[in-house]
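# A structural walkthrough
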Amino acid sequence: MEAFFEWFKVLYDETGINLPFIYDSYDRGRMLDGLWMTIKLSVVCLFFSVVIGVIGAWLQGSAYTWTRRFVNGYIQLFRNTPPLVQLYFFYFAIGSLLPRVATEFGGEAPLLGNFAWAVISLSFFAGAFNVEIFRSGIEAVPESTVEAAEALGFSRLQIYKDITLPLAFRVILPALNNNLVNLVKTTTLAYAIAVPEMLYEANQIWSDNVNVTEMMIFLLIAYFVLVGVLVWGMNRWERAMKIPGYGA
Amino acid sequence: MTTRNYKTDLPVMMPVDGKPKNRPRFRLKLWHGAVLLGICLLSPTLSFAQSDAGQASVLEVLLRWMPLLLKGFIFNLVISVFAMAIGTGVGAMLGLGQISLHGWVRKLAWAITQFFRNSPWLVLLFFAMFLLPFQLRIGGVTIPLPDWLKAIIGLSLPVMANVSEIVRGAVTSLPSGQWEAAESLAYSRRQTLWLVILPQCVKRMLPPWMNLYSILTMATVLASIVGVSEVMTLTGQALAAEGGRTDLLAPFYSFVLIIFFIYCYPIARWTVYLEKKFAVKG
């Protein structure tokens, strides 16, 4: 392994292609931390955005007009404003209103750190799209299926949980897939509030080593691979969950 | 979604509670946007109540900076229009490349599209910002490349890839009968494409294209991260100039949210309207 790392040092000396995140153990650690942070941020946001989508779509089918209005207001507000401004709004505006808590070192720290705010903001952003996606899937479930469930005495929650959602889920997987890919790409915004994710760490490295070109190309490839892994996984899942007799 | 109206008085056909049980579905009206705006506009007034007596009120400060912020927003719009124009032009060619008859053109166009579609917008923006030279020398003429021009180029890259996919999707969504009919009328491939296929595609491409424009407009704030003085940068500077008062943060950021909402929401509404209008009844 050491020899492999050393090879990149030789590559730098010979050709000038500088990849310090491979041969330099400190930069390597930073880059791996950044990658790990991006993955962590993506996974946590994926989870919460899907949860928001499921709950939001359920609330949208509610019998109360104001519940539906509230959910729709949330969707329109988050869909039609820039995610970066949302992030700033959450982090700077709402973050500054929250009380500060004492840290173990005797100092004061905000109640929620930048990672937490990035998760909240990005989840709400992607969640707004997910609600619409889930709603379209629920509408695609034949009315007669729901009526059959009603006839069998299922409650509204049971119908949603056991009948509508499993069927809708299969319909919406392609659209959900698309949105989740977008979410992974949007995690780069966390850079703006100094969450040490991949773009942030790459920026640190290129500031130290003045190798913007190499880092940029590496970043593009890294995100390409990350998104590729997600798409590959989702496509496999899509195939596994396919309802026989539907689609091509 | 179909609604059932039971045209019978047989008791067995009636729902238990006696009313036809239409599952309620909420359609967003324009005035709902107004309600949301009202809520957002209320938040500055609320924090106005919190501010100290010695300082200028929040509303006053906001009004003072508003012309500058709106100028910044117009700059955002300029960036978005130019990035959209460049992205659409190049993207349309790339999309046509994706349906080319030459295998290698198709593969190349596909690879470029996928590459730029799967990279984060912010990374592409950094890419354009740092890797383009600050001036170009063609022959004896020096063309300066200011930051905002680089931002336009950086933002037009993902737009280009998305437009390419929109074009390809629209062309492949047409029934193959259209191609065959044109062929039987002895149209050449170019004639088929220009006279038969693309005119039908425009209708299909318009809603996703507008959607993309809306996304692009919202992405123009990313240029603030790389130092273009658009609305977000100016907001930060205005806040700094006011001495970092924390009670100003929420109103200023909500103001930025609101102006984007006012601009993007009608576009979204219009897109939905067009989608419905162009929808093929199935």
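Because the structure is predicted, anything quoted here is derived from the model rather than measured.

### Observations concerning the overall build of chain B
Check the secondary structure of chain B and you find nine helices and two strands. Helices and strands appear in chain B in the N-to-C order α-α-α-α-β-β-α-α-α-α-α. When the 282 residues of chain B are sorted by exposure, 33% land in the buried category. Nonlocal contacts in chain B, meaning residues at least 24 apart in sequence, comprise 72% of its contacts between residues at least 6 apart.

### Thoughts on the overall build of chain A
Helix and strand counts for chain A stand at ten helices and two strands. In chain A, the order of α-helices and β-strands from amino to carboxyl end is α-α-α-α-α-β-β-α-α-α-α-α. At 23 Å, chain A has a C-alpha radius of gyration far larger than the 18 Å of a compact globule built from 248 residues. Structurally, chain A occupies a C-alpha span of about 75 × 50 × 30 Å along its principal axes. Looking at chain A as a whole, 40% of its 248 residues are labelled buried. Relative to all contacts within chain A whose residues are 6 or more apart in sequence, the contacts with residues 24 or more apart total 72%.

### A look at unusual backbone geometry
All names here are of chain A. Positive phi outside glycine occurs at A194, with the angle close to 60°. A positive phi angle, near 50°, is found at V210, a position not held by glycine. Following the sequence through the fold, V210 ends up in the loop between helix 9 (198-209) and helix 10 (212-241). The exposed category is assigned to V210, around which 10 C-beta atoms lie within 10 Å.

### Considerations on the pairing of strand 1 (residues 135-138) of chain B
Residues and elements named next belong to chain B. Bridge analysis of strand 1 against strand 2 (residues 141-144) gives four bridges, and the strand direction is antiparallel. Residue pairing for strand 2: L136 is matched across the bridge by I143. Where strand 1 hands over to strand 2, the hairpin turn is made up of two residues, of which G139 adopts a positive phi near 65°.

### Remarks on the interface of chain A and chain B
Opposite the 37 residues of chain A that make contact, chain B presents 38 residues. Elements with a contribution of two residues or more to the side of chain A that touches chain B: helix 4 (65-79), helix 5 (83-97) and helix 10 of chain A. Among the residues forming the side of chain A that touches chain B, the class breakdown is 21 nonpolar, ten polar and six charged.

### Some points on the packing of helix 9 of chain A against helix 10 of chain A
Residues and elements named next belong to chain A. At their nearest, the axes of helix 9 and helix 10 sit 9 Å apart, and the two run at 165° to each other. Comparing their axes, helix 10 and helix 9 come out roughly antiparallel. Note on packing geometry: the crossing formed by helix 9 with helix 10 is right-handed. Seen from helix 9, the contacting residues are M198, L199, A202, I205 and W206; seen from helix 10, they are V212, M215, L219 and A222. Its residues assigned to classes, the contact of helix 9 with helix 10 comprises nine nonpolar, no polar and no charged.

### Here's the deal with the packing of helix 6 (residues 176-184) of chain B against helix 7 (residues 189-219) of chain B
Residues and elements named next belong to chain B. Taken N-terminus to C-terminus, the directions of helix 6 and helix 7 make an angle of 130°; their axes are 10 Å apart at the nearest point. In terms of axis orientation, helix 6 runs oblique to helix 7. In this structure, helix 6 crosses over helix 7, and the sense of that crossing is right-handed. Only T192, V196 and I197 of helix 7 make contact with helix 6, whose side of the interface consists of Q178, W179, A182 and E183. Among the residues making up the contact of helix 6 with helix 7, the classes are represented as four nonpolar, two polar and one charged.

### Points about the nonpolar core
Within the largest apolar cluster, 122 residues are counted, with the highest numbers of intra-cluster contacts made by V85(A), L125(B) and Y253(B). Setting aside residues up to four positions removed in sequence, V85(A) forms contacts with V221(B), M232(B), Y253(B), V256(B), L257(B) and F260(B).

Scoring rules and cut-offs
Residues numbered from 1 in each chain as written. Chains lettered and ligands numbered in written order. Predicted model: local features only at pLDDT ≥ 70, side-chain atom pairs only at ≥ 80, totals over all residues. Helix = DSSP H or I, 4+ residues; strand = E, 2+ residues; numbered from the N terminus. Buried ≥ 20, exposed ≤ 12 C-beta atoms within 10 Å, placed from the backbone. Contact = placed C-beta atoms within 7 Å. Rg over C-alpha atoms; globule rule 2.2 N^0.38 Å. Pairing = 2+ DSSP bridges. Nonpolar A, V, L, I, M, F, W, Y, C, P; charged D, E, K, R; others polar. Axes fitted to C-alpha atoms, helices over the stretch in contact; angles between N-to-C directions. Parallel < 35°, antiparallel > 145°, perpendicular 65-115°, else oblique. Left-handed = near helix turned anticlockwise from the far one by under 90°. Core = buried A, V, L, I, M, F, W, Y, C linked by C-beta atoms within 7 Å.

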